[in-house]
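Structural description and commentary
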Amino acid sequence: GGCVRYRCGLTNTIQDVLRQRPGWVEVKDDGEWDFNWCDVGWLRENFDHSYMEEHVRICHFRNHYELTRKNLMVKNLKRYRKTLEREAGRLEAAKCDFFPRTFVLPSEYALFVEEFKRSPGNTWIMKPVARSQGKGIFLFRKLKDIVDWKKDGSRLEDQRDENQVESYVAQRYIENPYLISGRSNFIRCVVFQYVPLKAWLYRDGFARFSGTRFSLSSIDDQYVHLTNVAVQKTAPDYDPEKGCKWQLQKLRRYLTAKHGAETVETLFRDIDNIFIRSLQSVQKVFINDKHCFELYGYDILLDEDLKPWLIEVNASPSLTASSQEDYEMKYRLLEDTLNVVDMEGRLSGREKRVGGYDLMWNDGPVYREDFSLDSLGSTCFTANTHLGCVNDRKKHLGQLKAFSGQKRA
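So, here's what we can say about the structure. Being a predicted model, the structure only gives us computed values, none of them experimental. (Residues numbered from 1 in each chain as written. Predicted model: local features only at pLDDT ≥ 70, side-chain atom pairs only at ≥ 80, totals over all residues. Heavy atoms only, no water.)

A look at the overall build of the protein
When you go through the protein residue by residue, the secondary structure sums to 13 helices and 17 strands. Out of the 409 residues belonging to the protein, those deemed buried represent 53%. Sequence-distant contacts in the protein: of pairs separated by 6 or more residues, those separated by 24 or more amount to 67%. (Helix = DSSP H or I, 4+ residues; strand = E, 2+ residues; numbered from the N terminus. Buried < 20%, exposed > 50% of the residue type's maximum accessible area, 1.4 Å probe, protein only. Contact = heavy atoms within 4.5 Å.)

This is how it looks when you write it as structure tokens:
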């Protein structure tokens, strides 16, 4: 068709990207739309009674929360791990050991206490299941802290409606994070998924550092442990221009210089494994719908052995920019997201790369095309992922015939 009618419920970078897209027209409230970038609230209220034509696309899965709510993510991963152990053995199941010991409270309180007593002296982190931006998070080392908290819980933020006790997860705190100049860090990567399980990984991402030097002696200082910008912004020494972020390319170069290319390859392979396994863990429970796609922000913490830990997955990774550099990265990311969704029908569907996105899963692993000669003899396939590698997306889009002005008939 000639133009794409879009609806956008957010007022940040995505709006700019949609407005500047040739041939796309914004529709207001009740207008008919082809493409909807909505927030999850809109989805909850409208999805079930909207009829969608074949070509229509919307930016969330109906039950994306199976992966993006902390308690459900863990439940699905634990279940997936059990299935693997049953069907493929212990070794295969061990590939799912990338999330810290986690218990959902209040329902798993007894199990949690058992585990807590088994490893005294450990630090645990408590997070509300359904809140974001670091709200309601605290660290504790003594059971008594959590008993007090449970007592106080009854008057938590007026949550008194009947049986509405807010769920929390208690998670083993990673006490030996990998430090760069004394600061712990999180890697935030973006994975983009639609059905049947097809997942693209964006080359750019960032590492977010806590603005204060890491130390376990001050577990009440949340600036040390919470790297999200929402919390960091309020720190006394916050500098918005530096924003406590490194581009992933920079982190990859730093780690390579320090630990060698092989170690870093292994690390990034382990990170790929996290993406794939976590998506597989919800594949069976997802309500699959060809109209839907989803952009996930993965939060991954490295420990000092360079083992990556999955901390959480966000359904609405913040698209509001914290600096000019950040804005430009998010702009490129969103532009390429629209290129992959391809409302214009320019792609053949066989692409392994579109701009800054690399196809890493297409109902099975996707391998790189650049086999070196020495690997021909062996069955060493390399996954088609280039996280933290050069992102020459403009050049690449120029090479895709579809984007150099020749539309597919």
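On we go.
Side note on the packing of aromatic side chains
Evaluation of the coordinates by the stated rule reveals 24 aromatic pairs. On the basis of an interplanar angle of 65° and a centroid distance of 5.5 Å, the ring pair of Trp-246 and Tyr-254 is categorised as edge-to-face. Positioned above the aromatic ring of Phe-103 is the side chain of Lys-78, whose terminal nitrogen or guanidinium carbon lies 5.2 Å from the ring centre. (Phe/Tyr/Trp six-rings, centres within 6.5 Å; stacked < 30°, edge-to-face > 60°. Lys NZ or Arg CZ within 6 Å of the ring centre and 35° of its normal.)

Section: the pairing of strand E11 (residues 198-202)
Most of E11 is tucked away, with 5 of its 5 residues classed as buried. Burial along E11 is two-sided: Lys-198, Trp-200 and Tyr-202 and Ala-199 and Leu-201, pointing in opposite directions, are all buried. Bridge count between strand E10 (residues 183-194) and E11: 4 bridges; the pairing is antiparallel. Each residue of the ladder has a partner; that of Tyr-194, found in E11, is Lys-198. (Pairing = 2+ DSSP bridges.)

Side note on the sheet that holds strand E1 (residues 4-8)
Strand order across the open sheet formed by 4 strands is E2-E1-E3-E4, with parallel pairing between neighbours. At either margin of the open sheet sits one strand with a lone partner, and together these are strand E2 (24-26) and strand E4 (57-58). The pairing of E1 with strand E3 (residues 35-37) spans 3 bridges and is classified as parallel. Looking across to E3, one finds that Tyr-6 is bridged to Phe-35. On top of the sheet, helix H12 (residues 324-341) reaches E2, E3 and E4; it is set at about 150° to E3, its chief contact. (Axes fitted to C-alpha atoms, helices over the stretch in contact; angles between N-to-C directions.)

Remember that the coordinates give geometry; whether it matters functionally is a separate question.
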